[in-house]
Amino acid sequence: MKSSPITRRELLMQATTGLVGWAFLHSPLLAHAFPGRSGEVLVPFLDQPPEPTSSQANLLDWSHLDSWITSNDKFFRVSHYNIPEVSTEDWKLEIIGQVERPMTLTLNDIKRRQKQNVISTLECSGNHGFSTFAGAIGTAKWSGTPLAPILEETGILENGIEVVFFGSDEGEEEVRKIKMRQNFARSLSITEAMQPDNLLCYEMNGMSLPKDNGFPVRLIVPGWYGIANVKWLKRIEVRDRRYMGRFMAKDYVTIREEKRGGESVWMETSVGRTQIKSLAAKVTHISKKYHIYGAAWGRPIKSVEVRIDNGPWLETTFVPNSEAEHAWRIWRYDWNKPAAGEHTIVSRAIDVDGNIQPTMDDPAIADKHTYWESNGQVVRRIQIN
Ligand SMILES: Nc1nc2c(c(=O)[nH]1)N[C@H]1C(S)=C(S)[C@@H](COP(=O)(O)O)O[C@H]1N2
Ligand SMILES: [Mo]
């Protein structure tokens with residue numbers, strides 16, 4: 001295979017036309033593709049949004065899901081402020097605050113430390129529906145150095161309760177007529193920050209982090225919604241009080257009207273850990289043989305079931321080669337000879353503890369007045385001819 005960069009789509013075309021190259025068979029990441037059977041035809045869902053345009057967010061096109069790993073060029077991006085220009089030479093990461101030994105690390109310092117990988121799914125908690133916004137998700141192999149040993153080396157003081165992660169991007173915020181230029185920032189409790197999978201990440205799928213995804217270093221917090229994964233890191237600060245910046249306490253806040261007996265209790269909580277979720281992504285067929293493909297993520301998944309036209313829940317099978325604790329699992333259901341006409345397809349994921357993905361009218365979803373953290377079952381409509 002030539003050394004020129006080659007896109008996944010080109011590889012898949014070569015694979016389906018029989019010209020499977022050496023790199024395709026031997027690349028550990030691309031081996032996770034499931035390019036499907038030759039002659040396979042896509043049946044579009046009726047609720048499918050029009051082909052994602054060249055939108056800034058580069059959203060995942062679920063109807064063409066064909067790989068367990070999302071390549072960097074297809075990975076979504078969500079940025080609330082500017083995309084900062086960061087030069088590798090000048091870049092430094094400060095670790096300060098309630099610590100005995102503050103630290104300043106260069107990119108080389110970080111790269112010289114222990115390297116660790118995690119394959120994990122990153123989903124924006126704003127994903128909430130098919131006619132609106134559902135493609136802010138992807139799965140990558142993230143590489144970097146674990147955060148916990150660094151925090152340990154700084155010696156967190158007894159009064160430190162939170163770790164605040166600041167990006168280099170900045171915007172203007174206003175509270176009570178006070179205008180502030182601020183960097184994007186999010187915090188984690190000390191316990192959350194010390195989770196051994198958390199990375200100061202500098203590589204995505206074996207390449208330097210792309211500029212849009214946080215170059216040169218971002219935080220990766222497997223098992224948390226996108227918002228916790230601060231890009232373009234510049235400072236880590238241990239604090240003795242709770243951080244209440246926009247993205248902890250004002251935006252990305254879930255508002256729920258919970259019921260306690262006859263009383264409504266309004267709960268406002270910061271978007272946090274991911275929850276169990278699944279989705280039917282695409283339907284394909286070769287003559288009368290139909291396949292439904294989908295993904296399930298958010299919690300360690302035990303199984304996924306589908307239900308067609310309010311019939312019984314049916315077992316699906318996992319597509320091989322797709323298992324990592326924090327990554328989505330790709331599933332498939334063989335739908336033999338569906339009748340012509342319109343059908344509904346819905347999936348539900350079940351986690352290793354037996355928790356079932358809720359329906360949209362479950363109080364966990366229905367009592368929510370904001371769209372963040374929407375993990376209810378998604379009913380999709382399709383026309384079979
Ligand atoms: N510094 C910084 N980090 C950030 C953001 C941001 O705007 N600035 N957006 C967050 C949100 S809301 C999401 S969903 C993820 C998206 O990561 P990606 O752009 O690499 O896909 O980054 C998070 N980290
Ligand atoms: Mo997000």
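Residues numbered from 1 in each chain as written. Chains lettered and ligands numbered in written order. Predicted model: local features only at pLDDT ≥ 70, side-chain atom pairs only at ≥ 80, totals over all residues. Heavy atoms only, no water.

Asks: Quick question: what am I supposed to make of the pattern of salt bridges here?
Replies: It is possible for side chains of opposite charge to pair when their charged atoms get near one another. Following the criterion strictly, the structure yields 22 salt bridges and no others. Notably, a salt bridge pairs Arg 112 with Asp 109, separated by 2.9 Å at the nearest N-O pair. Here the residue Arg 112 and the residue Asp 109 both occupy positions in helix H3 (residues 107-112), the gap between them amounting to three residues, near one helical turn. Judged by relative accessible area, Asp 109 falls into the partly exposed class, the value being 22%. Glu 258 is the partner of Arg 260 in a salt bridge, and the nearest nitrogen-oxygen pair spans 3.1 Å. A single salt-bridge network, built from bridges that share partners, covers Glu 173, Arg 246 and Asp 251. (Salt bridge = Lys/Arg side-chain N within 4 Å of Asp/Glu carboxyl O. Helix = DSSP H or I, 4+ residues; strand = E, 2+ residues; numbered from the N terminus. Buried < 20%, exposed > 50% of the residue type's maximum accessible area, 1.4 Å probe, protein only.)

Asks: Can you help me understand the site of ligand 1 in this one?
Replies: The full set close to ligand 1 counts 20 residues, and Phe 76, His 80, Asp 169, Arg 218 and Lys 231 are the nearest of them. Residue Phe 76 places a main-chain N or O atom 2.7 Å away from an oxygen atom belonging to ligand 1. Here an oxygen atom of ligand 1 and a side-chain polar atom of Arg 218 are 2.7 Å apart. Across the shell around ligand 1, the residue classes tally to 10 nonpolar, five polar and five charged. (Near = heavy atom within 4 Å. Polar contact = N/O pair within 3.5 Å; in protein donor to acceptor, adjacent residues only side chain to side chain. Nonpolar A, V, L, I, M, F, W, Y, C, P; charged D, E, K, R; others polar.)

Asks: What is the right way to look at the nonpolar core in this model?
Replies: For soluble globular proteins, the rule of thumb is that nonpolar side chains tend to be buried together. Judged by nonpolar contacts, the single largest core of 48 residues is most densely connected at Trp 142, Phe 165, Leu 200, Leu 219 and Ile 236. If one sorts the elements of this core by residue count, strand S8 (residues 199-204) sits on top with five residues. Dropping the residues within four chain positions of it, Ile 236 is found in contact with Leu 93, Glu 94, Ile 95, Ile 96, Leu 147, Leu 151, Val 163, Val 164, Phe 165 and Leu 200. (Core = buried A, V, L, I, M, F, W, Y, C linked by side-chain atoms within 4.5 Å. Contact = heavy atoms within 4.5 Å.)

Asks: Sorry, what's going on with the pairing of strand S5 (residues 137-146) here?
Replies: As a general feature of sheets, a regular strand has side chains that alternate between the two faces. Within S5, nine of the 10 residues are buried, which leaves it mostly tucked inside the rest of the structure. Judged from the eight bridges that link them, strand S4 (residues 116-123) and S5 form a sheet pairing that is antiparallel. The residue of S5 that forms the bridge with Gln 116 is Gly 144. (Pairing = 2+ DSSP bridges.)

Asks: I keep staring at the side chain of Arg 348 and nothing clicks. Help me out?
Replies: Mapped onto the secondary structure, Arg 348 falls in strand S20 (residues 341-351). Taking relative accessible area as the criterion, Arg 348 reaches 17% and is therefore assigned buried. A distance of 2.7 Å separates the side chain of Arg 348 from the side chain of Glu 305, its partner in a polar contact. Apart from the residues within four sequence positions on either side, Arg 348 is in contact with Ser 278, Ser 303, Val 304, Glu 305, Trp 313, Ile 356, Gln 357 and Gln 377.

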